[in-house]
Every structure is written in C-alpha cells, then in structure tokens.
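What the coordinates show
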Amino acid sequence: MASEMDFVLTFLLSFLSIMLTFLILKRRKNGSDNRMKRNKKKLPPGRMGLPWIGETLEFYKAQRRNQLFEEFVQPRKATHGTIFKTMLMGSPIVVVSGAAANRFFLSNEFKLVVSSWPSTSVQLMGPNSIMEKQGDHHRYIRTVVASILSSTGLEAIVPKICSCVKDHLRLHWQGTDVVSLFGSAKMLTFTIVLECLLGVQVESGMLEMFERVLEGVFALPVALPGSKFYRAKRARLEIERMVTNIVRKKRKEIEGNIVDAEEGVLLPRLVAGLIRGKISEVEVIDNVVLLVFAAHDTTSFAIAMVCRMLAHYPTCHSLVLQEHEDIMRGKRPGEALTLEDIKKMKYTWQVTRESMRLFPPIFGSFRKAIVDIEYEGFIIPKGWKVLWTTYGTHYDAEYFNDPLRFDPSRFEEAVPCPPYVYLPFGGGPRVCAGYQLAKLNILIFVHFMLTLYDWSLVYPDEAINTDPLPFPCHGMPIKVSPKSL
Ligand code: HEM
C-alpha cells in the first residue's frame, strides 16, 4: 500500500516538477549559454535527454540492479570519454572517471566544489550536520571525532567493541541455525556507533526509529501521509526529541561535574563544545543522527561482502582463520583483544580492502561547482553537479590488473596504491571521518565470527540490489553452528 502511494506520488510529482523545472532550466540555460559564449569553452560531450528527466530512468534502473558502472557509466565512457555530461532529476551533471579527475574534484572541495546531497538527505540528517558544513565548523566537528579515534582513543575502544560483538553473538546467534548476516551486522554497527563511539546507551525501539529515517534519506521529497519521506520525517522528529533529552541530561552532568567531558566517547566532548559555545545544540543533534547514518549501511555491507568473499574463496578463508588463530594462541583464554592484536590482522584487512574494491559500499558521490570550472579543455558551469565514482578507478585495468578478479594480494604492504585510485572511503577534505571505527568494527566482527562459529551462505550467489546503497537482496542468511572449542 505504502509503495503504491509512493508510486502515485512519484508520478504526480515528476509531472509537476518536469513542467516547473523545464521553465527554470530554460532561463538558467540562457544564462549559462551566455557565460559560455563569453569564454568560448565547450561543455563535455554527452546526452542531456528529455527536459528535467534527462537520463534519470536509465540511471536508476542500472543503480537498482547494482549495475551503475556496467550499464550506465561504462557505455557512456566508451562513447564520450572519461568525462561526459548527463541530466538526472533536473540537475545537469558531469560524470568523471580516473585518478586525476578524482584528485582534482575531491581535493578542491570548498575551493571549486562543495559536496551536494539530495534535499531529503539534508532535511533528515539535519542542515547542521558535518556534511553541510564548511570552514571552521566542518574542521571543528572533524577534530572532535578524530580526538576519539586517535591511537589512544582506539586502544580504549577496542575492548568495548569486543564486548559488543561477543554480547551480540551470544544474544542473537546462540541457539539459532540461520541468521541474517546483513541484519545482524546492521544491529551491531548501530550499537557500536551509539555505545562505543558516542557513549549513548541503546534502548529498545531506537534502531527501528533510526532505520525509518534512513529509509527516507534518498526518497522523493514528498511529505504527504503514506510516503516514505513523510514516515522518515516523523521518525526524525521522535529522534530529535530523544537526542535533545540525552544532550540536555549530559550537559547537566558535565556542568555538575558528575561526568568527565574528556572520557573517551564523543557525546560528552560535543556537549563540552556546546557549553564552551563552539557548537550549537542543533549541531550536536544533527551530527549524532549523521554519524549513525554514515556508519550504518556502509559498514554492514562491507562486513557482508567480506564474508561472501570468504565463503567463495576457501583458501582465503583458511588464511584469514589461520591469522586469527595465531592471534588467539598468543593470549590467555578469555583475554581481550588489544589494538596491537588488531594490527596483526594484516591479511584480513587485505581481504577487506579487496572486497571493498569490488563491492564499494558507496558508489561515489556528488559535488556542486561553486564557480565555472575548466577541466581537460571543457567547462563545467557553476551550479552543475559533478559525480565521481569508486568504480571509475576500482574497475579499470589501468589501475588494477584483471580488475574483476578477487585478489587480496593487490593490497600487500609492499605494493603501495597510488593516491586517488582506491577510494571506498573517499578522499580530500571530506574523506571518511569514521574510517578507523569502520576498520575496527569489521576486523573484530570477522575475528569472533570465524573463531567462534562454523558458517555457510544459504544463497551463495545472492543478488545485490541498490536503493541507493547496496544490500544483499535476501539479507544474506547464513547457517551457523558454534565451534566446539
Ligand atoms: C565501510 C564503512 C564506511 C565506508 C565505505 C564509508 C565511506 C565514506 C565515504 C566514501 C565518504 C565520503 C563521501 C563524500 O566524499 O561525499 C564518507 C564520509 C564520512 N563518513 Fe564514512 N564510511 C564508512 C564508515 C563510517 C563510519 C563508521 C563513520 C562514523 C561513525 C563514518 C563517518 C563519516 C563522516 C562523518 C563522513 C563525512 C566527512 C566530511 O564530510 O567531512 N563513516 N564515508
């Protein structure tokens, strides 16, 4: 019912938007044509398609089938070259590929381009989250997150993540024959971000509330009852109320010296910044929501794809298991893992990096030109969007020999990867702020899963869908049984 409603709304909205945007674009086009005539540079090649709709349908069709690169980018690259223009949902867009383009656009964040998210994402994450910030505010939030994920911070986080993973496996895997690996990883990632990174206790119903918000993040911006976006906005209001209470309670505790703002979790540090006037209450709230969003489907998908590769490549599975058993042999029974142990998980990290090369959790992201940009003899007019993709380098034989082959040895330490080639975590000033947490989350999960359980995939070749982030279409069920230790 909800999806029928979404369909009707989509149709009506699209029709109205086409008419309106056609008129706006016609006026804008005259403006940008005049600017271009003045500086005599040409636009990149490519098809803009029908007014407003452009190539949106082809783009979404390919994206839903997780074939964005193969069915949308690659054929256009073959026809037009590594830089081409298109039109998606009323926005003129230039798609770029290759390490040089990645470096140019990602490192010129704030100077030539700014990150550009759909209006639904901005409304649901909140206009005050890091993704919308520039300058001092952007730097401040990154610095606070980095202070928790510094090497001393990570040492303190490792045992907390270990307890979360062990508790999760005991509660949700023990006594069960089949578990949804993707669902399990999502639940666990949620707990790790809230409890280990932010220092907020997870309570019942919280995950469902956050997931309802996440479902609307890339939906159509139609806030009519029954639509995904409407449900997400309502859930966002509930979360706002809940997080506001948590923030105000924490503020009282810090002001009353009941808790130490310097304890190794993020929320007290953000609230201390709030007390000192460095950050506002709405900024704290929006960043809490954003961090959960940024970590949730990305880390869970990465975990799911590592496990898929381990199941498909038994030799690789044996080598990973060997690495973890060696680590265990050096420890007393029940002794917790340390950051030093994590550093020994070198081969597991190679496997993870290779899995994220083939199955990047984020296909790329959009930037918006804040000035007219000249690049490779073309002009990208101010206001146009630029899409860089991970696939543009990850799947290119120029950078990775036989690119579709799974080969973790590509990431041996002796073979350094040139900059802006391997980009699952992005690059430049907006490179992923949670990279270290994601790494710990994945490695520690794999450690306990492999050493405590025998497991196998229920559907070895389960399809991957994308909406707009990738996910295994059946939730990746696995058969599990505890190892006899
Ligand atoms: C495997 C897991 C993850 C992947 C693949 C991933 C990927 C990315 C990518 C590609 C970007 C850059 C987006 C852009 O250029 O527009 C990004 C940004 C970001 N990520 Fe992650 N991420 C992961 C996990 C996490 C986690 C666990 C957190 C924190 C809890 C996090 C927090 C952030 C934040 C805050 C940003 C925005 C940085 C900024 O705007 O300065 N991510 N991530």
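Our structure is the block above this text.
Notes on the structure in this doc start here. Computed from a predicted structure; not experimentally measured.

**Some thoughts on the coordination of the iron atom of the ligand**
- Just one protein ligand coordinates the iron atom of the ligand, and it is Cys432 (SG) at 2.3 Å.
- Inspection of the secondary structure assignment puts Cys432 in the loop between helix H16 (391-394) and helix H17 (435-452).

**Description of helix H11 (residues 266-275)**
- Counted residue by residue, H11 has 9 buried out of 10 residues, so it is predominantly covered.
- Taken as a whole, H11 has its buried residues at Leu266, Leu267, Pro268, Arg269, Leu270, Val271, Ala272, Gly273 and Leu274.
- If you follow the buried residues of H11, they end up packed against helix H6 (135-148), helix H8 (181-198), helix H10 (228-255) and helix H12 (281-312).
- Taken from the residues just after H11, Gly277 is the one with a positive phi, measuring 80°.

**Regarding the nonpolar core**
- Judged by nonpolar contacts, the single largest core of 129 residues is most densely connected at Met125 and Trp173.
- When residues in this core are grouped by element, the largest group, 18 residues, is from H12.
- Non-local contacts of Trp173, meaning those with residues more than four positions away in its chain, are made with His168, Val179, Leu181, Ser184, Phe445, Met449, Tyr453, Ile478 and Val480.
- Counting 17 residues, the second largest nonpolar core, distinct from the first, contains Val94, Ile373, Ile380 and Leu423.

**A look at the packing of aromatic side chains**
- With the rule as written, the count across this model stands at 20 aromatic pairs.
- When the ring of Phe59 is compared with that of Phe72, the centres are 5.2 Å apart and the planes differ by 85°; the resulting orientation is edge-to-face. Highlighted residues: Phe59 in helix H2 (residues 56-64) and Phe72 in helix H3 (residues 68-80), separated in sequence by 13 residues.
- Ring centres 6.5 Å apart and planes at 65° place the aromatic pair Phe59 and Phe363 in the edge-to-face group. Separated by 304 residues along the polypeptide, Phe59 in helix H2 and Phe363 in the loop between helix H15 (346-358) and strand S5 (364-369) bring together distant segments of the chain.
- In this structure Phe59 comes out as buried when scored by relative accessible area, which is 4%.
- Feature note: the residues Phe59, Tyr60, Phe72 and Phe363 constitute an aromatic cluster, connected by ring pairs.
- Positioned over the ring face of Phe72 is Arg76, at 3.9 Å from the centre of the ring.

**Concerning the side chain of Thr466**
- Secondary-structure assignment places Thr466 in strand S10 (residues 464-466).
- Side chain to side chain, Thr466 and Asn66 meet in a polar contact 2.9 Å long.
- Once you skip the residues sitting within four places of it in the chain, Thr466 turns out to touch Gln63, Arg64, Asn66 and Phe471.

**Remarks on unusual backbone geometry**
- With an omega dihedral of -10°, the bond running from Asp467 to Pro468 counts as a cis peptide bond.
- Relative to the assigned elements, Pro468 resides in the loop between S10 and strand S11 (470-472).
- Notably, Glu376 is not glycine yet its phi reads approximately 55°, a positive angle.
- Within the secondary structure, Glu376 is located in the loop between strand S6 (373-375) and strand S7 (378-380).
- Residue classification places Glu376 among the exposed positions, given a relative accessible area of 58%.

**Some details on the sheet that holds strand S4 (residues 178-180)**
- Ordered in space as S4-S12-S9, the 3 strands form an open sheet in which the pairing is antiparallel. The sheet terminates laterally at S4 and strand S9 (453-457), the two strands that pair on one side only. Neighbour to neighbour, the strand axes of the sheet diverge by 35° on average, direction disregarded.
- Examined bridge by bridge, S4 and strand S12 (residues 477-482) share 3 bridges and lie antiparallel to one another. Bridging across to S12, Val178 finds its partner in Lys479.
- H17 contacts S9 and S12 of the sheet and is inclined by roughly 100° relative to S9.

**Description of the sheet that holds strand S2 (residues 91-96)**
- Across the sheet, which stays open at both edges, the 5 strands sit in the order S1-S2-S8-S5-S3 with mixed pairing between neighbours. The open sheet terminates on both sides in strands that have one partner only, identified here as strand S1 (83-88) and strand S3 (113-115). The sheet shows a mean angle of 35° between the axes of neighbouring strands, direction not considered.
- In the sheet, S3 pairs with S5 via 3 bridges, with the strands oriented antiparallel. Opposite Val114, over in S5, you have Lys368 as the bridge partner.
- Sitting on the sheet, helix H4 (residues 99-107) touches S2, S3, S5 and strand S8 (385-389), and the angle it makes with S8 is about 130°.

**Examining the site of the ligand**
- The environment of the ligand is made up of 25 residues, and the closest members are His138, Arg142, Arg367, Arg430 and Cys432.
- Ser365 has a polar side-chain atom sitting 2.9 Å from an oxygen atom of the ligand.
- Breaking the shell around the ligand down by element, the ones donating at least two residues are H6, H12, S5 and H17.
- Considering each element in turn, the shell around the ligand owes the most residues, 7 residues, to H12.
- Broken down by class, the residue content of the shell around the ligand amounts to 16 nonpolar, 6 polar and 3 charged.

Criteria and cut-off values
- Residues numbered from 1 in each chain as written.
- Predicted model: local features only at pLDDT ≥ 70, side-chain atom pairs only at ≥ 80, totals over all residues.
- Heavy atoms only, no water.
- Donors = N, O, S within 2.8 Å, 3.2 Å for Na, K, Ca; no water.
- Helix = DSSP H or I, 4+ residues; strand = E, 2+ residues; numbered from the N terminus.
- Buried < 20%, exposed > 50% of the residue type's maximum accessible area, 1.4 Å probe, protein only.
- Contact = heavy atoms within 4.5 Å.
- Core = buried A, V, L, I, M, F, W, Y, C linked by side-chain atoms within 4.5 Å.
- Phe/Tyr/Trp six-rings, centres within 6.5 Å; stacked < 30°, edge-to-face > 60°.
- Lys NZ or Arg CZ within 6 Å of the ring centre and 35° of its normal.
- Polar contact = N/O pair within 3.5 Å; in protein donor to acceptor, adjacent residues only side chain to side chain.
- Pairing = 2+ DSSP bridges.
- Axes fitted to C-alpha atoms, helices over the stretch in contact; angles between N-to-C directions.
- Near = heavy atom within 4 Å.
- Nonpolar A, V, L, I, M, F, W, Y, C, P; charged D, E, K, R; others polar.

Coordinates in, geometry out; function isn't part of it.
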